[in-house]
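Here is what each chain is made of, one letter per residue.
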Amino acid sequence: MIEKSEIEDIIYDYCLITLANPFTDARCLNLANALKTFNKKIVVIGITNANKQEIIKKGEIVFILIPIDFSDRLFIKLFKFIFRFFFKLKAPKSRCYIAMDIYSLYIATRLKKKYKAKLVYDSREIYSALSTLSKRKIAQYLLTRYEIYLVKYVDSITVSGELDKEFLQNHFRKNNEIEIIMNLPP
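Throughout what follows, the structure given in this document is the object of discussion. Position labels on residues start from 1 in each chain and follow its written sequence. Local features in this predicted model are restricted to residues whose pLDDT is 70 or higher, and side-chain atom pairs enter the listing and the counts only when it is 80 or higher, whereas totals over whole chains, interfaces and linings include all residues. The side-chain figures draw on all heavy atoms in the structure; neither hydrogens nor water molecules are used.

### Some remarks on the overall build of the protein chain
The condition that has to hold: Comment: elements are numbered from the N terminus, with helices defined as DSSP H or I runs of at least four residues and strands as E runs of at least two. Only protein chains enter the accessibility calculation, which uses a 1.4 Å probe; a residue whose area is less than 20% of its type maximum is buried, one above 50% is exposed, and one in between is partly exposed. Only heavy atoms matter for contacts: two residues are in contact if any of them lie within 4.5 Å across the pair.
For the protein chain, the helix and strand inventory stands at six helices and eight strands. Written out in order from the N terminus, the α and β elements of the protein chain read α-β-α-β-β-β-α-β-α-β-α-β-α-β. Of all 186 residues assigned to the protein chain, the portion counted as buried reaches 47%. Taking the contacts inside the protein chain whose residues are at least 6 apart along the sequence as the reference set, 55% of them involve residues at least 24 apart.

Next up, the structure:
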């Protein structure tokens, strides 16, 4: 564990944000480790089921974990994550923010504006076609509109395959740069 004061004055090269525990999110860990090989300063912000905020340094990567009850429904988790992020955490300054999922995209867009940084959206799912929402049309519609609205602030999008890239190019109807980063083991 490290103290907040040790990380507050640093300007990171990349800040990865996820509504997941980054230690169990392979795509997030792989990307953080890949960026680290280029001698970049990396901070990863995610959630923990613990009772208090934790700041952990593993190697050269700093992990900030926001306490969220994993048993909460998704909407409640998202609300708590956004609230605690902006009101309980001093957001780290970074040259580039990476929203590792749709749920962290709002936070990343706010930080992009605040710090005049770049923003990458890792669209690891086709959120407009989630099977878990197939019977919940209103929720699916709202999630789709939310994503389309926030994508206008994104500088670049990453996906895990060619079909996802083709789908999103048509879906967003915007000239976003879309890059493929395969979801492979390290």
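### Focus on the pattern of salt bridges
The condition that has to hold: Put simply, a salt bridge is a Lys or Arg side-chain nitrogen that is within 4 Å of an Asp or Glu carboxyl oxygen.
All chains considered together, the criterion is met by four salt bridges. Put simply, Lys-80 and Asp-72 hold a salt bridge, and the shortest N to O gap is 2.5 Å. On the basis of relative accessible area, Lys-80 is assigned to the partly exposed category, the value being 24%. Between Asp-155 and Lys-112 there is a salt bridge, with the nearest N and O atoms lying 2.8 Å from each other. One end of the pair, Asp-155, is in the loop between α5 (137-151) and β7 (156-159); the other, Lys-112, is in helix α4 (residues 105-115), and 43 residues separate them in sequence. Taking relative accessible area as the criterion, Asp-155 reaches 31% and is therefore assigned partly exposed.

### A look at a positive patch on the surface
Stated precisely, the cut-off is as follows: Patch definition: residues above 30% relative accessible area lacking any salt bridge, with like charges linked at up to 9 Å and the nonpolar side chains Val, Leu, Ile, Met, Phe, Trp and Tyr linked at up to 5 Å. Residue exposure ignores everything except the shown protein chains as possible cover, and the areas themselves are Shrake-Rupley values with a 1.4 Å probe. When charges are counted, Lys and Arg are positive and Asp and Glu negative, with His and the chain ends excluded. Charge positions are represented by NZ for Lys, CZ for Arg, CG for Asp and CD for Glu.
Taken together, the side chains of Lys-90, Lys-93, Arg-110, Lys-113, Lys-114 and Lys-152 present a region of like positive charge at the surface. Element by element, the count of residues in the positive patch is highest for α4, at three residues. Tracing the sequence through the fold places Lys-90 in the loop between α3 (74-88) and β5 (93-99).

### Some points on the nonpolar core
As a reminder of what qualifies: Buried Ala, Val, Leu, Ile, Met, Phe, Trp, Tyr and Cys residues form a nonpolar core when they are joined through side-chain atoms within 4.5 Å.
Ranked by size, the top nonpolar core spans 35 residues in total, and within it Ile-17, Ile-45, Phe-81, Phe-85, Tyr-97 and Tyr-121 carry the most contacts. Element by element, the count of residues in this core is highest for α4, at four residues. Setting aside anything within four residues of it in sequence, one finds Tyr-97 in contact with Cys-15, Ile-17, Pro-92, Ala-108, Leu-111, Lys-112, Tyr-115, Ala-117, Lys-118, Leu-119 and Val-120. Within the second largest apolar cluster, 15 residues are counted, among which are Leu-35, Val-44, Ile-98 and Met-100.

### Quick notes on the packing of aromatic side chains
Rule in force here: Each aromatic pair joins two rings of Phe, Tyr and Trp (for Trp, the six-membered one) with centres within 6.5 Å, and gets the label stacked for planes under 30 degrees apart, edge-to-face for over 60, and tilted for any other angle.
Scanning all chains against the criterion turns up eight aromatic pairs. Arranged with centres 4.4 Å apart and planes meeting at 40°, the rings of Phe-23 and Phe-63 form a pair that is tilted. Taken together, the positions of Phe-23 in the loop between β1 (11-17) and α2 (26-36) and Phe-63 in strand β4 (residues 61-67) put the pair 40 residues apart, joining distant regions of the chain. Assessed through its relative accessible area of 27%, Phe-23 is described here as partly exposed. By relative accessible area, which is 3% here, Phe-63 ends up buried.

### Considering α2
The following threshold applies: Comment: arc refers to directions from the helix axis out to C-beta atoms.
Three or more residues of α2 are buried, namely Arg-27, Cys-28, Leu-31, Ala-32 and Leu-35. Each buried residue of α2 lies within a common arc of 130° when the element is viewed along its axis, so the set occupies one face.

### Topic: the pairing of strand β6 (residues 118-122)
Where we set the bar: Crossovers are described as right-handed under a simple rule: with the strands pointing away from the observer, the path leading from the first strand over the helix to the second runs clockwise. Here, any two strands with at least 2 DSSP bridges between them count as paired.
In terms of burial, β6 is a largely internal element, four of the five residues being buried. Once you follow β5 into α4 and on to β6, the crossover reads as right-handed. As paired elements, β6 and β7 share three bridges and run parallel to each other. From the neighbouring strand, Tyr-121 faces β7, where its bridge partner is Ile-157.

### So, the packing of α3 against α4
Keep this limit in mind: Axis definition: a line fitted to C-alpha atoms, over the contacting stretch in the case of helices. Angles run 0 to 180 degrees between N-to-C directions. Each angle is binned into one of four classes, with values under 35 degrees roughly parallel, values over 145 roughly antiparallel, values of 65 to 115 roughly perpendicular, and all other values oblique. Note on convention: near helix rotated counterclockwise from far helix by under a right angle means a left-handed crossing. Clockwise means right-handed. Under the scheme applied here, ten amino acids are nonpolar (Ala, Val, Leu, Ile, Met, Phe, Trp, Tyr, Cys and Pro), four are charged (Asp, Glu, Lys and Arg), and all others, including Gly, are polar.
In contact at an axis separation of 10 Å, α3 and α4 are set at 25° when each is read in the N-to-C sense. With respect to α4, the element α3 is oriented roughly parallel. Classified by chirality, the crossing of α4 by α3 is right-handed. For the pair formed by α3 and α4, the contact residues are Phe-81, Ile-82, Phe-85 and Phe-86 on the first element and Tyr-106, Ile-107, Arg-110 and Leu-111 on the second. For the contact of α3 with α4, the residue count by class is seven nonpolar, no polar and one charged.

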